[in-house]
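Chain and residue survey
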Amino acid sequence: MAPLTLAELERVARGGAPAPLGDEARARLARGRETVDAMVADGAVVYGVTTGFGDLSSVRIDAADAAQLQLNLVRSHAVGVGEPLAISETRAMMLLRANSLAKGHSGIRAAVIDTICEMLNRGVTPFVPSQGSVGASGDLAPLAHLALALIGEGECFDEKGARISSAEALKRAQIKPLVLEAKEAVSLINGTQAMLAVGTLSLLAAETLVDSADVIGAMACDALKGTDVAYDERIHKARPHAGQTRTASNLRRLLEGSQIRDSHRDCERVQDAYSLRCITQVHGAVRDTLAHCRAVFETEANSAVDNPLVFVKNTKAADGEGDVLSGGNFHGEPLAFALDFLAIALSALAGISERRLERLVNPALSEGLPPFLAPGAGLNSGFMMPQVTAAALVSENKVLAHPASVDSITTSGNKEDYVSMGMTAAIKLKKVVENTRNTLAIEAMAAAQAIDFLAPLKTSKPLQHAHAAIRAVCATMDKDRVMYQDFARIAEAIVAGRVAEFLR
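Keep in mind the model is a prediction, meaning the values are calculated, not measured.

Focus on the overall build of the chain
Counting secondary structure elements, the chain contains 19 helices and seven strands. Along the three orthogonal principal directions, the C-alpha set of the chain runs to about 85 × 50 × 40 Å. Taking all 504 residues of the chain together, 55% fall into the buried category. Accessible area for the chain stands at about 20600 Å²; split by element, carbon and sulfur atoms hold 55% of it. Of the side chains in the chain, 51 bear a positive and 58 a negative charge, and the two mean positions are spaced by 5 Å.

Notes on the packing of helix α4 (residues 87-101) against helix α5 (residues 110-121)
The contact between α4 and α5 brings their axes to 10 Å, and the two run at 155°. Of the possible angle classes, the one that applies to α4 and α5 is roughly antiparallel. The hand of the α4/α5 crossing is left-handed. Only Val-112, Ile-113, Ile-116, Met-119 and Leu-120 of α5 make contact with α4, whose side of the interface consists of Arg-91, Met-94, Leu-95, Ala-98 and Leu-101.

Things to note about the pattern of salt bridges
Per the counting criterion, the structure on display carries 32 salt bridges. Of the charged contacts in the structure, one is a salt bridge between Glu-181 and Arg-109, with a shortest N-O distance of 3.6 Å. Of this pair, Glu-181 sits in the loop between α7 (166-173) and α8 (184-189) while Arg-109 sits in the loop between α4 and α5, and the two are 72 residues apart along the sequence. The salt bridge partner of Glu-443 is Arg-356, with a shortest N-O separation of 2.6 Å. Taken as a pair, Glu-443 in helix α17 (residues 422-453) and Arg-356 in helix α15 (residues 333-361) lie far apart in primary sequence, 87 residues in all. The residues Glu-443 and Arg-356 share a single accessibility class, namely buried.

Looking at the layout of surface pockets
A probe matching the size of a water molecule, rolled over the atoms, marks out where space remains unfilled. Empty space within the largest pocket amounts to approximately 670 Å³. The wall of the largest pocket is formed by 37 residues, among which Gly-54, Ser-137, Leu-140, Ser-412 and Glu-416 lie closest to the centre. Among the elements of the structure, α3 (66-77), α6 (140-150) and α8 are those that each provide at least two residues to the lining of the largest pocket. For the lining of the largest pocket, the element with the most residues is α3, which contributes five residues. For the lining of the largest pocket, the residue count by class is 15 nonpolar, 18 polar and four charged. A volume near 420 Å³ is recorded for the second largest pocket. Contributing elements (two or more residues each) for the lining of the second largest pocket: α4, α9 (193-223), α17 and α19 (484-495). Here the element with the most residues in the lining of the second largest pocket is α9; it accounts for seven residues.

Re unusual backbone geometry
Of note, the bond from Asn-307 into Pro-308 is cis; its omega dihedral lies within 30 degrees of zero at -5°. Among the secondary structure elements, Pro-308 is positioned in the loop between α14 (279-301) and β6 (309-312). A cis geometry characterises the amide bond from Ala-455 onward to Pro-456, with omega recorded as 15°. In this fold, Pro-456 is placed in the loop between α17 and α18 (461-471). Even without being a glycine, Leu-373 presents a positive backbone phi close to 55°. Within the fold, Leu-373 resides in the loop between α15 and α16 (384-400). Phi angles above zero are rare outside glycine, and Ser-412 is one such case at about 55°. In this fold, Ser-412 is placed in the loop between α16 and α17.

Reading the values: the criteria
- Position numbers for residues start from 1 in each chain and track the written sequence from start to end.
- Selection of residues for local features in this predicted model requires a pLDDT of at least 70, selection of side-chain atom pairs for listing and counting requires 80 or more, and totals for whole chains, interfaces and linings are taken over all residues.
- Only hydrogens and water are set aside when side-chain values are computed; all heavy atoms of the structure are taken into account.
- Counting from the N terminus, the helices are DSSP H or I runs at least four residues long and the strands are E runs at least two residues long.
- Relative accessibility decides the category of a residue: with a 1.4 Å probe and only protein chains considered, values under 20% of the type maximum give buried, values over 50% give exposed, and everything between is partly exposed.
- The Shrake-Rupley method, run with a 1.4 Å probe sphere, supplies the accessible areas, and residue values consider only the shown protein chains as cover.
- Only four residue types enter the tally: Lys and Arg on the positive side, Asp and Glu on the negative side, with His and both chain ends excluded.
- Charge coordinates come from a single atom per side chain, which is NZ of Lys, CZ of Arg, CG of Asp or CD of Glu.
- Angles here are taken between N-to-C directions and fall from 0 to 180 degrees, while the axes themselves are lines fitted to C-alpha atoms, restricted in helices to the stretch in contact.
- For classification purposes, an angle smaller than 35 degrees is called roughly parallel, one larger than 145 roughly antiparallel, one from 65 to 115 roughly perpendicular, and anything else oblique.
- Helix crossings are classified by the rotation of the near helix relative to the far one: an anticlockwise turn of less than a right angle makes the crossing left-handed, while a clockwise turn makes it right-handed.
- When checking whether two residues touch, look at their non-hydrogen atoms; a contact exists if any pair is within 4.5 Å.
- By definition, a salt bridge exists where a carboxyl oxygen of Asp or Glu is found within 4 Å of a side-chain nitrogen of Lys or Arg.
- Buriedness of a pocket was judged along seven lines, with at least five required to meet protein on both sides within 12 Å; pockets are open sets of points on a 1 Å grid over the protein atoms alone, cavities are sets where a 1.4 Å probe fits but cannot get out, and lining residues have an atom within 4 Å of a point.
- Grid points are joined across faces, edges and corners, and a volume is the space filled by probe spheres set on the points.
- Put simply, Ala, Val, Leu, Ile, Met, Phe, Trp, Tyr, Cys and Pro go in the nonpolar bin, Asp, Glu, Lys and Arg in the charged bin, and everything else, Gly too, in the polar bin.

The structure is reproduced here in structure tokens:
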């Protein structure tokens, strides 16, 4: 199953089937399992196998109670509250958990991974509340709800999205509930897969947003009679950040051949406002942030992150020899930082979008466009209120961009005394992505309206295509009308890549 790519993760999250375990992975899992069994038989002290959990790790557990210990762990940790994760997020979490366990360092049977994959294949999705994780021993509560479904307890979603008992869901799918053995519950619930699942799907959405923002920003720049001089390749070779270089290249291609641009080459304006002149620097910095976060997420997706971890001494011998080591790979700090960084970057992407929108609608800044892009301004208000909506979204993002990862709260009798709050960062990020998408949708509608007012002058060929994509879901405003459905349709077009595709 490894290495797992983010593209494969998205495919499975949206309903695809995961790759089955190969023979090599099965052999690796069997050797790790033999090490655990040998230690249980020898009465060795192994955290979460022959001891209690957290601050109760000093309590010894008899080998005869090893299976009951695992069952109790799942039940006691399935304490999530709040709105459930989306089905796509839960499916992503399931695949990530299976992939991490497949590394062979968890000491579990292949049957555990097979059951997760069968649930993915047959559309059995656990009900996983989104709140309850502090990102310390990973996402304990969300992952416990996943484990609860594996054993036929708790709830799942059926094919219509209704909540049913896990026992009934497994029965319908003809999947036998797992009977957990030593260490398997602690391996299932120690990990960062909930925050990683939510964060990765947000990252993938953000990558489409930044491409769309280049297209929409170029449309706004042309409509505002901005110059493309600021995107000259020589400027960006002098400061060669990768994201900045790419956005500058995009803008040059998007604006090339515009009649609107040619119409004002001899104007007296020396420089554009930052929201136009610095698109490359702002969008480019967002791109670099996304690239950094992608690297973090890809590493995490293919890591062993539970505790304790099993290390077989002789990987070619089935002798049960090995070490079980307690550590902290479950800690969500690397992800928490990246998730917060993503929210900050996307807040900037929405922020500069709203500033371009303000210039499009403000008669003091819009280079001769009708006030608020309204035909018959006064009788019609045009885009006066859409700018207010965008301002509200951008201001909300500023609140949500406050980093969760700077916080910590002690749990588990002070054993878990520094936590990441990574799941909080992930949940906040989802809203920032949504707000940014809607802000860009409003700017796109306004930019298309502005381009219409500049006829018969035409924008560039690529931007004509982008304009047509917007017009396919949103007609020109010839008088005031209800617009919220227009915003929703444009946002859907952005999600589907129908705006960003003109970069390719």
